[in-house]
Amino acid sequence: MLKIGVLGAGHLGKIHLRLLQQSDKYELVGFYDENQENGAKIATEFGYKQFETIAKLIHAVDVIDIVTPTLSHYKCAKFAIKSGKHVFIEKPIATTLEEAEEIITLAQEYHVKGQVGHVERFNPAFIATKNMIENPMFIETHRLAEFNPRGTDVPVVLDLMIHDIDAILSVVNSKVKNINASGVSVISETPDIANARIEFENGCVANLTSSRISMKNMRKTRFFQKDAYISVDFLEKKCEVVKMKDAPEVPGDFDMILQNAEGIKKQIYFSNPEVQQNNAILDELESFADAIINDTEPIVTLEQATNALRVAYQIIDSMEK
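On a predicted model such as this, the values are computed, not experimentally measured, just so you know. (Residues numbered from 1 in each chain as written. Predicted model: local features only at pLDDT ≥ 70, side-chain atom pairs only at ≥ 80, totals over all residues. Heavy atoms only, no water.)

**Student:** With reference to specific residues and values, describe the side chain of Ser287.
**Tutor:** Topologically, Ser287 is positioned in helix α8 (residues 280-294). When its relative accessible area of 12% is taken as the criterion, Ser287 is described as buried. Within the structure, the side chain of Ser287 is placed 2.8 Å from the backbone oxygen of Glu284, a separation counted as a polar contact. Every residue in contact with Ser287, bar those within four places of it in the chain, is listed here: Gln115, Phe122 and Ile299. (Helix = DSSP H or I, 4+ residues; strand = E, 2+ residues; numbered from the N terminus. Buried < 20%, exposed > 50% of the residue type's maximum accessible area, 1.4 Å probe, protein only. Polar contact = N/O pair within 3.5 Å; in protein donor to acceptor, adjacent residues only side chain to side chain. Contact = heavy atoms within 4.5 Å.)

**Student:** Can you lay out the pattern of salt bridges for me, pointing to particular residues and giving the numbers?
**Tutor:** A side chain with one charge may pair with a side chain of the opposite charge, provided their charged atoms come close. Scanning the entire structure with this criterion turns up 12 salt bridges. Across the pair Lys78 and Glu102 runs a salt bridge, and its minimum N-O distance is 4.0 Å. In this pair, Lys78 sits in helix α4 (residues 73-82) while Glu102 sits in helix α5 (residues 97-109), placing the two residues 24 residues apart along the sequence. On the basis of relative accessible area, Lys78 is assigned to the partly exposed category, the value being 26%. Among the salt bridges present, the one from Arg310 reaches Glu101, with a minimum N-O distance of 2.9 Å. Placement of the pair is Arg310 in helix α9 (residues 302-320) and Glu101 in helix α5, with a sequence separation of 209 residues. With a relative accessible area of 29%, Arg310 lands in the partly exposed category. (Salt bridge = Lys/Arg side-chain N within 4 Å of Asp/Glu carboxyl O.)

**Student:** Now, about the packing of aromatic side chains: what can you tell me, with residues and values included?
**Tutor:** Per the counting criterion, the structure on display carries 5 aromatic pairs. Summarising the aromatic geometry, the rings of Phe46 and Tyr48 are spaced 5.7 Å apart at their centres and angled 20° between planes, so their arrangement reads as stacked. Residue Tyr48 is classed as buried on the basis of its relative accessible area, which comes to 9%. On the basis of an interplanar angle of 40° and a centroid distance of 5.8 Å, the ring pair of Phe126 and Phe234 is categorised as tilted. In this pair, Phe126 is assigned in helix α6 (residues 124-129) and Phe234 in the loop between β11 (228-233) and β12 (238-246), connecting sequence segments 108 residues apart. Phe126 sits in the buried class, given a relative accessible area of 0%. In this structure Phe234 comes out as buried when scored by relative accessible area, which is 1%. Each member of the aromatic cluster is reached from another via a ring pair, and the members are Phe138, Phe224 and Tyr229. Sitting over the face of the ring of Phe234, Arg143 holds its NZ or CZ atom 5.7 Å from the ring centroid. (Phe/Tyr/Trp six-rings, centres within 6.5 Å; stacked < 30°, edge-to-face > 60°. Lys NZ or Arg CZ within 6 Å of the ring centre and 35° of its normal.)

**Student:** Account for the sheet that holds strand β3 (residues 63-66), naming residues and giving values.
**Tutor:** Read from one edge of the open sheet, 5 strands run β2-β1-β3-β4-β5, paired in parallel fashion. Either end of the sheet is taken by a strand with one partner, and the two such strands are β2 (26-32) and β5 (114-117). For this sheet the average axis-to-axis angle between neighbouring strands, irrespective of direction, equals 20°. Inspection of the sheet shows strand β1 (residues 2-7) paired to β3 by 4 bridges, in the parallel sense. Looking across to β3, one finds that Val6 is bridged to Asp65. (Pairing = 2+ DSSP bridges. Axes fitted to C-alpha atoms, helices over the stretch in contact; angles between N-to-C directions.)

**Student:** Residue-level account of unusual backbone geometry, with values.
**Tutor:** That bond from Lys91 to Pro92 is cis: its omega, -10°, falls within 30 degrees of zero. Assignment of secondary structure puts Pro92 in the loop between β4 (86-90) and α5. One non-glycine residue, Asn135, lies in positive phi territory at about 50°. The class of Asn135 is exposed, set by a relative accessible area of 52%. In this structure, Asp295 takes a positive phi of about 55° despite not being glycine.

Here is the structure:
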């Protein structure tokens with residue numbers, strides 16, 4: 001078992017602590033939280049070992065799980081990597097591209113592995129459909145959330161939209177060609193609502209909308225490709241696939257047949273791929289353990305997370321222009 005320590009015991013940090021304690025692949029050594037009073041309360045309530053300093057925790061483990069505010073990701077990752085420890089970093093990987101790229105360089109220099117917490121890659125609805133997504137040419141995403149002060153220290157693009165940016169980049173095998181975006185600040189100092197249009201070199205277009213002041217929560221993505229439409233509901237963990245194939249010569253009474261202007265007939269059929277329910281956060285953490293033990297590439301690499309951050313900043317730049 002890999003010895004692991006958690007940096008940060010806020011809302012998400014407490015979830016990581018609970019799941020790591022249940023894991024068969026990690027031994028949870030303890031945690032460090034900058035707010036010592038909060039840390040003491042958590043240690044008393046749940047029995048986790050609280051460390052007085054980051055250095056002492058890093059010295060005691062093989063892996064560091066960084067669940068601190070984004071502004072401190074780089075500092076924590078740099079300290080851990082230079083100590084020869086593998087790092088799991090919550091998304092986004094860092095505050096700036098320069099920080100993210102230095103994390104990559106350091107991980108290579110010190111021969112340690114890193115993974116970033118783009119948890120939607122482990123969403124069971126996305127897993128159930130990912131192999132069916134083949135060369136999509138139009139993608140539409142809506143990620144809407146009710147207002148929560150937590151997370152408003154960064155633009156909605158880095159808080160919410162980056163989930164969809166990463167998921168899209170993982171299925172579109174093409175470079176970004178052009179980005180146009182707009183955003184509105186309603187309650188925060190940075191945009192709370194954002195819309196972005198990403199054009200890829202292969203002709204694919206992705207239209208992304210994110211809001212953190214919605215009246216309801218929604219996390220849906222639709223993929224359109226030749227002869228297929230795939231819908232993924234990340235929130236409800238459901239998916240639907242609509243496909244078209246050449247119509248049979250003698251259709252059945254209940255077959256849905258469409259005929260285009262050229263007289264070509266197509267049959268429409270629906271399927272709901274089986275979704276294997278899981279705990280996505282536990283799965284991403286344990287997949288990192290597998291990558292370390294088996295010396296394989298993590299599912300969400302530092303480079304992939306940096307690419308998602310790069311696109312996120314291109315969107316933010318477009319909004320500012």
